[in-house]
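# Residue-level structural notes
Listed below, chain by chain, are the residues.
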Amino acid sequence: MKTKKKRFGKIFLTAVLFLFGIACIFPFIFMLSSSFKPLNEIFVYPIKLIPEHFIFTNYTEVFSEKYNFIQWYGNTLVMVFMIIVLKIGIVTLTAYAFARLRFKGRDILFLVLLSSIMIPPDAVIVPKYVIFKAFGIVDSMWSIILPSIFDVFFVFMVRQFFLAIPETLSEAAIIDGCSHFKIYSRIILPLAKPAIVTMILFTFIWAWNDYMGPYIFITSPEKQMLSVGIKMFQVNNAVDYGLQMAAATLVLVPILIVFLFCQKYFIEGIATSGMKN
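Residues numbered from 1 in each chain as written. Predicted model: local features only at pLDDT ≥ 70, side-chain atom pairs only at ≥ 80, totals over all residues. Heavy atoms only, no water.

### Quick look at the overall build of the protein chain
Worth spelling out the cut-off: Helix numbers and strand numbers start at the N terminus; a helix is a DSSP run of H or I with at least 4 residues, a strand a run of E with at least 2. Throughout, the radius of gyration refers to the C-alpha atoms, and the reference size of a globule is 2.2 Å times the residue count to the power 0.38. With a 1.4 Å probe rolled over the protein chains alone, any residue whose accessible area is under 20% of its type maximum counts as buried; one over 50% counts as exposed, and the rest are partly exposed. Whether two residues are in contact is decided by their heavy atoms: any pair within 4.5 Å suffices. By the counting scheme adopted, Arg and Lys are positive, Glu and Asp are negative, and His together with the chain ends is not counted. For charged residues, the charge sits on one atom: NZ in Lys, CZ in Arg, CG in Asp, CD in Glu.
Helix and strand counts for the protein chain stand at 13 helices and 2 strands. For the protein chain, the C-alpha radius of gyration of 24 Å lies well beyond 19 Å, the compact-globule estimate for 277 residues. Dimensions of the protein chain, computed from the C-alpha atoms along their principal axes, are close to 75 × 70 × 35 Å. Relative to its full complement of 277 residues, the protein chain shows a buried share of 37%. Taking as baseline every contact in the protein chain between residues at least 6 positions apart, the subset at least 24 positions apart corresponds to 72%. Charged side chains of the protein chain number 24 positive and 15 negative; the gap between the two group centres comes to 14 Å.

See the structure below:
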(Lines give C-alpha, C1' and ligand atoms only; values in the text may rest on other atoms or scores of the structure.)
Protein backbone atom coordinates (compact mmCIF):
# COMPACT_ATOMS: atom_id res chain seq x y z
CA MET A 1 0.00 0.00 0.00
CA LYS A 2 2.80 2.39 0.91
CA THR A 3 4.61 1.51 -2.29
CA LYS A 4 1.51 2.39 -4.37
CA LYS A 5 1.10 5.72 -2.55
CA LYS A 6 4.76 6.51 -3.04
CA ARG A 7 4.55 5.66 -6.75
CA PHE A 8 1.39 7.73 -7.16
CA GLY A 9 3.10 10.66 -5.41
CA LYS A 10 6.05 10.47 -7.79
CA ILE A 11 3.78 10.30 -10.84
CA PHE A 12 1.73 13.26 -9.58
CA LEU A 13 4.86 15.32 -8.83
CA THR A 14 6.31 14.48 -12.25
CA ALA A 15 3.07 15.54 -13.96
CA VAL A 16 2.98 18.83 -12.03
CA LEU A 17 6.63 19.60 -12.86
CA PHE A 18 6.02 18.67 -16.51
CA LEU A 19 3.08 21.10 -16.76
CA PHE A 20 5.11 23.78 -14.99
CA GLY A 21 7.98 23.21 -17.44
CA ILE A 22 5.61 23.50 -20.42
CA ALA A 23 4.23 26.76 -19.00
CA CYS A 24 7.77 28.14 -18.60
CA ILE A 25 8.93 27.17 -22.08
CA PHE A 26 5.71 28.18 -23.90
CA PRO A 27 6.74 31.86 -24.44
CA PHE A 28 9.96 30.68 -26.12
CA ILE A 29 8.05 28.25 -28.36
CA PHE A 30 5.56 31.00 -29.26
CA MET A 31 8.41 33.39 -30.07
CA LEU A 32 10.20 30.85 -32.25
CA SER A 33 6.98 29.94 -34.05
CA SER A 34 6.01 33.58 -34.62
CA SER A 35 9.40 34.37 -36.13
CA PHE A 36 8.45 32.16 -39.10
CA LYS A 37 4.93 33.58 -39.54
CA PRO A 38 3.56 36.50 -41.56
CA LEU A 39 2.40 39.39 -39.38
CA ASN A 40 -1.31 38.63 -39.89
CA GLU A 41 -0.93 35.09 -38.48
CA ILE A 42 0.95 35.84 -35.27
CA PHE A 43 -1.99 36.78 -33.03
CA VAL A 44 -4.75 34.61 -34.53
CA TYR A 45 -6.98 32.78 -32.07
CA PRO A 46 -6.82 29.92 -31.27
CA ILE A 47 -3.03 30.04 -31.20
CA LYS A 48 -1.31 27.91 -33.83
CA LEU A 49 2.25 27.02 -32.97
CA ILE A 50 2.87 25.49 -36.39
CA PRO A 51 2.76 28.26 -39.02
CA GLU A 52 0.32 27.84 -41.90
CA HIS A 53 2.63 29.86 -44.15
CA PHE A 54 6.25 29.11 -43.23
CA ILE A 55 8.46 32.09 -44.16
CA PHE A 56 12.10 33.13 -43.67
CA THR A 57 11.71 36.74 -44.72
CA ASN A 58 11.60 37.94 -41.10
CA TYR A 59 15.18 36.74 -40.61
CA THR A 60 16.47 38.14 -43.89
CA GLU A 61 14.77 41.47 -43.17
CA VAL A 62 16.45 41.69 -39.75
CA PHE A 63 19.86 41.82 -41.44
CA SER A 64 18.81 44.34 -44.09
CA GLU A 65 20.44 47.77 -44.34
CA LYS A 66 17.30 49.42 -42.93
CA TYR A 67 18.27 48.31 -39.43
CA ASN A 68 21.50 48.37 -37.44
CA PHE A 69 21.06 44.83 -36.12
CA ILE A 70 24.62 43.71 -36.95
CA GLN A 71 26.00 46.91 -35.38
CA TRP A 72 23.89 46.34 -32.25
CA TYR A 73 25.08 42.75 -32.07
CA GLY A 74 28.71 43.88 -32.28
CA ASN A 75 28.16 46.61 -29.65
CA THR A 76 26.59 44.13 -27.27
CA LEU A 77 29.33 41.53 -27.74
CA VAL A 78 32.06 44.10 -27.04
CA MET A 79 30.19 45.48 -24.03
CA VAL A 80 29.61 42.02 -22.50
CA PHE A 81 33.22 40.97 -23.13
CA MET A 82 34.58 44.11 -21.44
CA ILE A 83 32.29 43.68 -18.44
CA ILE A 84 33.25 40.02 -17.97
CA VAL A 85 37.02 40.62 -18.23
CA LEU A 86 37.03 43.62 -15.89
CA LYS A 87 34.61 42.02 -13.42
CA ILE A 88 36.71 38.85 -13.13
CA GLY A 89 39.75 40.91 -12.17
CA ILE A 90 38.04 43.28 -9.74
CA VAL A 91 35.71 40.78 -8.05
CA THR A 92 38.28 38.00 -7.57
CA LEU A 93 40.94 40.38 -6.21
CA THR A 94 38.42 41.91 -3.79
CA ALA A 95 37.16 38.48 -2.73
CA TYR A 96 40.72 37.28 -2.16
CA ALA A 97 41.47 40.30 0.02
CA PHE A 98 38.44 39.64 2.23
CA ALA A 99 39.06 35.87 2.35
CA ARG A 100 42.84 35.66 2.87
CA LEU A 101 44.31 38.99 3.95
CA ARG A 102 44.27 40.10 7.59
CA PHE A 103 43.82 43.83 8.07
CA LYS A 104 42.15 46.06 10.63
CA GLY A 105 38.43 46.60 10.10
CA ARG A 106 38.16 43.89 7.45
CA ASP A 107 34.96 42.32 8.79
CA ILE A 108 33.27 45.70 9.39
CA LEU A 109 34.20 46.86 5.90
CA PHE A 110 32.82 43.63 4.42
CA LEU A 111 29.57 44.09 6.38
CA VAL A 112 29.22 47.65 5.07
CA LEU A 113 29.87 46.35 1.57
CA LEU A 114 27.16 43.70 1.92
CA SER A 115 24.68 46.25 3.26
CA SER A 116 24.91 48.11 -0.07
CA ILE A 117 22.97 45.25 -1.65
CA MET A 118 19.87 46.58 0.10
CA ILE A 119 19.98 49.84 -1.90
CA PRO A 120 17.42 49.58 -4.75
CA PRO A 121 19.11 49.98 -8.16
CA ASP A 122 16.38 52.41 -9.28
CA ALA A 123 17.30 54.77 -6.44
CA VAL A 124 20.74 55.49 -7.91
CA ILE A 125 19.80 55.96 -11.57
CA VAL A 126 19.65 59.77 -11.35
CA PRO A 127 22.93 60.11 -9.37
CA LYS A 128 24.65 57.79 -11.86
CA TYR A 129 23.38 59.84 -14.79
CA VAL A 130 24.64 63.09 -13.20
CA ILE A 131 28.06 61.56 -12.50
CA PHE A 132 28.37 60.03 -15.95
CA LYS A 133 27.40 63.31 -17.58
CA ALA A 134 30.03 65.14 -15.53
CA PHE A 135 32.66 62.65 -16.72
CA GLY A 136 31.42 62.85 -20.32
CA ILE A 137 30.62 59.16 -20.74
CA VAL A 138 26.87 59.45 -21.35
CA ASP A 139 25.97 57.99 -24.75
CA SER A 140 29.00 55.71 -24.62
CA MET A 141 29.53 52.05 -23.79
CA TRP A 142 31.42 52.96 -20.60
CA SER A 143 28.21 54.23 -18.99
CA ILE A 144 27.04 50.59 -18.98
CA ILE A 145 30.37 48.88 -18.35
CA LEU A 146 31.55 50.85 -15.29
CA PRO A 147 28.49 50.25 -13.05
CA SER A 148 28.56 46.54 -13.90
CA ILE A 149 32.16 45.57 -13.20
CA PHE A 150 31.92 45.72 -9.39
CA ASP A 151 29.23 43.42 -8.02
CA VAL A 152 28.86 42.91 -4.27
CA PHE A 153 26.83 39.73 -4.74
CA PHE A 154 29.64 38.06 -6.65
CA VAL A 155 32.26 39.37 -4.21
CA PHE A 156 30.34 37.54 -1.49
CA MET A 157 29.89 34.37 -3.57
CA VAL A 158 33.52 34.16 -4.68
CA ARG A 159 34.76 34.97 -1.17
CA GLN A 160 32.73 32.05 0.19
CA PHE A 161 34.32 29.78 -2.40
CA PHE A 162 37.80 31.03 -1.52
CA LEU A 163 37.12 30.34 2.15
CA ALA A 164 36.26 26.73 1.27
CA ILE A 165 39.77 26.24 -0.16
CA PRO A 166 42.09 24.89 2.58
CA GLU A 167 44.19 27.69 4.02
CA THR A 168 47.10 25.26 4.46
CA LEU A 169 47.73 25.62 0.70
CA SER A 170 48.31 29.34 1.11
CA GLU A 171 50.46 28.85 4.20
CA ALA A 172 52.65 26.30 2.39
CA ALA A 173 53.04 28.68 -0.55
CA ILE A 174 54.04 31.55 1.77
CA ILE A 175 56.69 29.31 3.37
CA ASP A 176 58.02 28.59 -0.15
CA GLY A 177 58.36 32.34 -0.72
CA CYS A 178 55.23 33.05 -2.79
CA SER A 179 53.67 36.49 -2.66
CA HIS A 180 49.94 36.98 -2.20
CA PHE A 181 49.54 37.74 -5.90
CA LYS A 182 51.24 34.44 -6.86
CA ILE A 183 49.03 32.56 -4.40
CA TYR A 184 45.97 34.29 -5.85
CA SER A 185 46.89 33.70 -9.51
CA ARG A 186 48.53 30.26 -9.36
CA ILE A 187 46.67 28.48 -6.56
CA ILE A 188 43.35 30.11 -5.67
CA LEU A 189 42.06 31.06 -9.15
CA PRO A 190 42.61 27.61 -10.74
CA LEU A 191 40.82 25.94 -7.82
CA ALA A 192 37.96 28.45 -7.99
CA LYS A 193 37.11 27.80 -11.64
CA PRO A 194 33.50 26.65 -10.91
CA ALA A 195 32.72 29.87 -9.02
CA ILE A 196 34.35 32.04 -11.68
CA VAL A 197 32.51 30.28 -14.51
CA THR A 198 29.26 30.74 -12.57
CA MET A 199 30.00 34.46 -12.28
CA ILE A 200 30.77 34.63 -16.01
CA LEU A 201 27.52 32.87 -16.86
CA PHE A 202 25.35 35.13 -14.73
CA THR A 203 27.23 38.24 -15.84
CA PHE A 204 26.84 37.30 -19.49
CA ILE A 205 23.07 36.77 -19.12
CA TRP A 206 22.48 39.94 -17.08
CA ALA A 207 24.65 42.16 -19.29
CA TRP A 208 23.31 40.67 -22.53
CA ASN A 209 19.70 41.23 -21.46
CA ASP A 210 20.20 44.60 -19.75
CA TYR A 211 17.54 47.02 -20.97
CA MET A 212 17.47 49.85 -18.44
CA GLY A 213 21.13 50.86 -18.78
CA PRO A 214 21.23 51.19 -22.59
CA TYR A 215 17.77 52.78 -22.63
CA ILE A 216 18.75 55.55 -20.18
CA PHE A 217 22.43 56.19 -20.91
CA ILE A 218 22.70 55.61 -24.69
CA THR A 219 20.84 57.88 -27.11
CA SER A 220 22.53 57.34 -30.48
CA PRO A 221 20.83 54.53 -32.48
CA GLU A 222 24.13 53.28 -33.92
CA LYS A 223 25.62 52.92 -30.39
CA GLN A 224 22.60 51.09 -29.01
CA MET A 225 22.51 47.53 -27.62
CA LEU A 226 20.36 44.61 -28.74
CA SER A 227 17.93 44.77 -25.83
CA VAL A 228 16.80 48.29 -26.80
CA GLY A 229 17.43 47.91 -30.53
CA ILE A 230 14.81 45.17 -30.86
CA LYS A 231 12.00 47.62 -30.18
CA MET A 232 13.11 49.71 -33.16
CA PHE A 233 11.92 47.12 -35.68
CA GLN A 234 9.02 49.05 -37.14
CA VAL A 235 7.37 49.38 -40.54
CA ASN A 236 5.54 52.65 -41.29
CA ASN A 237 5.73 53.60 -37.58
CA ALA A 238 3.96 50.36 -36.62
CA VAL A 239 5.65 47.53 -34.71
CA ASP A 240 6.51 44.55 -36.89
CA TYR A 241 6.17 41.70 -34.40
CA GLY A 242 7.46 39.14 -36.89
CA LEU A 243 10.75 41.01 -37.14
CA GLN A 244 10.88 41.45 -33.38
CA MET A 245 10.32 37.72 -32.80
CA ALA A 246 13.06 36.84 -35.31
CA ALA A 247 15.48 39.32 -33.73
CA ALA A 248 14.63 38.10 -30.21
CA THR A 249 15.28 34.50 -31.29
CA LEU A 250 18.70 35.47 -32.65
CA VAL A 251 19.45 37.38 -29.44
CA LEU A 252 18.60 34.33 -27.33
CA VAL A 253 20.88 31.92 -29.23
CA PRO A 254 24.18 32.95 -27.49
CA ILE A 255 22.58 32.59 -24.05
CA LEU A 256 21.43 29.04 -24.81
CA ILE A 257 24.87 28.11 -26.16
CA VAL A 258 26.69 29.55 -23.14
CA PHE A 259 24.39 27.81 -20.67
CA LEU A 260 24.67 24.43 -22.45
CA PHE A 261 28.47 24.54 -22.22
CA CYS A 262 28.67 26.01 -18.70
CA GLN A 263 25.80 24.36 -16.79
CA LYS A 264 28.17 21.86 -15.12
CA TYR A 265 30.29 24.66 -13.63
CA PHE A 266 27.16 26.67 -12.86
CA ILE A 267 25.68 23.91 -10.66
CA GLU A 268 29.04 23.13 -9.02
CA GLY A 269 29.74 26.79 -8.30
CA ILE A 270 26.35 27.41 -6.70
CA ALA A 271 26.65 24.27 -4.57
CA THR A 272 30.21 24.91 -3.39
CA SER A 273 30.09 28.66 -2.80
CA GLY A 274 28.06 28.20 0.39
CA MET A 275 30.23 25.52 1.98
CA LYS A 276 31.90 27.73 4.56
CA ASN A 277 31.05 30.98 6.33
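That covers the picture; the talk isn't over yet.
### Examining the confidence of the model for the protein chain
For the record, the criterion: Within a predicted model, pLDDT stands for the predictor's per-residue confidence, ranging from 0 to 100.
Of all residues in the protein chain, 92% attain a pLDDT of 70 or more, and the chain-wide mean is 82. Per-residue pLDDT, averaged within each element of the protein chain, yields its smallest value for strand β1 (residues 234–235) (58) and its largest for helix α3 (residues 69–100) (90).

### Brief notes about a nonpolar patch on the surface
To be explicit about the condition: Only residues whose relative accessible area exceeds 30% and that form no salt bridge are eligible for patches; like-charged ones are grouped when within 9 Å, while nonpolar side chains (Val, Leu, Ile, Met, Phe, Trp, Tyr) are grouped when within 5 Å. In short, Shrake-Rupley with a 1.4 Å probe defines the accessible areas, and a residue's cover is counted only from the protein chains shown. Each salt bridge in this description consists of a side-chain nitrogen of Lys or Arg and a carboxyl oxygen of Asp or Glu lying within 4 Å of one another.
On the surface, F18, L19, I22, I25, F26, I29, Y45, I47, L49 and I50 cluster together into a nonpolar patch covering about 1,100 Å² of accessible area. For I25, the location among the structural elements is in helix α1 (residues 2–34).

### So, the packing of helix α8 (residues 167–175) against helix α9 (residues 180–191)
Formally: For helices, the fitted line uses only the C-alpha atoms of the stretch in contact; every axis is such a line through C-alpha atoms, and the angle between N-to-C directions lies from 0 to 180 degrees. Crossings are sorted by hand: turned counterclockwise from the far helix by less than a right angle, the near helix makes the crossing left-handed, and turned clockwise it makes it right-handed.
Contact geometry of α8 with α9 gives a least axis separation of 10 Å together with a crossing angle of 145 degrees. Taken as a pair, α8 and α9 cross one another with a handedness that is right-handed. Mapping the contact onto sequence places L169, S170, A173 and I174 in α8 and H180, I183, I187, I188 and L191 in α9.

### Points about the nonpolar core
This is how it is decided: Residues belong to a common nonpolar core when they are buried Ala, Val, Leu, Ile, Met, Phe, Trp, Tyr or Cys residues joined through side-chain atoms within 4.5 Å.
Counting 33 residues, the largest nonpolar core has V62, F69, M79, V80, W208, L226 and F233 as its most contacted members. Of all the secondary-structure elements, those providing two or more residues to this core are α1, α2 (57–62), α3, α6 (142–148), α10 (193–209) and α13 (241–272). When residues in this core are grouped by element, the largest group, 8 residues, is from α13. With 22 residues, the next largest nonpolar core counts V155, V158, F162 and Y184 among its residues.

### A closer look at unusual backbone geometry
One non-glycine residue, D139, adopts positive backbone phi at about 65 degrees. Along the chain, D139 turns up in the loop between α5 (125–135) and α6.

### Let's talk about the packing of aromatic side chains
The test is simple: Stacked, tilted and edge-to-face are the three classes applied to pairs of Phe, Tyr and Trp rings, where Trp contributes its six-membered ring and a pair requires centres within 6.5 Å; stacked means planes under 30 degrees apart, edge-to-face means over 60, and tilted covers the rest.
In the structure shown here, the tally under the stated rule is 21 aromatic pairs. On the numbers, 5.3 Å between centres and 45 degrees between planes, the contact of F202 with W206 is tilted. Here the residue F202 and the residue W206 both occupy positions in helix α10, the gap between them amounting to 4 residues, near one helical turn. Members of the aromatic cluster, joined through ring pairs, are F63, F69, Y73, F204 and W208.

### A closer look at the side chain of S34
Within the secondary structure layout, S34 lies in helix α1. In this structure, S34 is in contact with I42, N58, G242 and M245, ignoring residues within four places of it in sequence.

### Topic: the environment of I149
Positionally, I149 belongs in the loop between α6 and α7 (152–164). Looking at I149, the relative accessible area reads 9%, which means it is buried. Along the chain, I149 and V85 lie 64 residues apart, while their C-alpha atoms are 8.6 Å from each other. In this structure, I149 is in contact with I83, L86, K87, I90 and V91, ignoring residues within four places of it in sequence.

### Notes on the side chain of S227
By the element assignment, S227 lies in helix α12 (residues 226–229). Leave out the neighbours within four places in its chain, and S227 touches W208, N209, D210, Y211 and P214.

### What to know about the environment of K87
Tracing the backbone shows K87 in helix α3. For K87, a relative accessible area of 4% puts it in the buried group. In the structure, K87 is positioned 83 residues away from S170 in sequence and 24 Å away in space, judged by C-alpha atoms. With sequence-adjacent residues up to four places away left out, K87 is seen in contact with T92, S148, I149, D151, F154, M199 and T203.

### Considerations on the environment of L32
Positionally, L32 belongs in helix α1. Separated by 17 residues in the primary sequence, L32 and L49 have C-alpha atoms spaced 8.9 Å apart. With sequence-adjacent residues up to four places away left out, L32 is seen in contact with Y59 and T249.

### Overview of the pattern of salt bridges
Per the stated rule, a full pass over the model turns up 4 salt bridges. Here D139 makes a salt bridge to K223, at a shortest N to O gap of 3.9 Å. Taken together, the positions of D139 in the loop between α5 and α6 and K223 in the loop between α11 (212–217) and α12 put the pair 84 residues apart, joining distant regions of the chain. Among the residues examined, K223 registers a relative accessible area of 38% and is labelled partly exposed.

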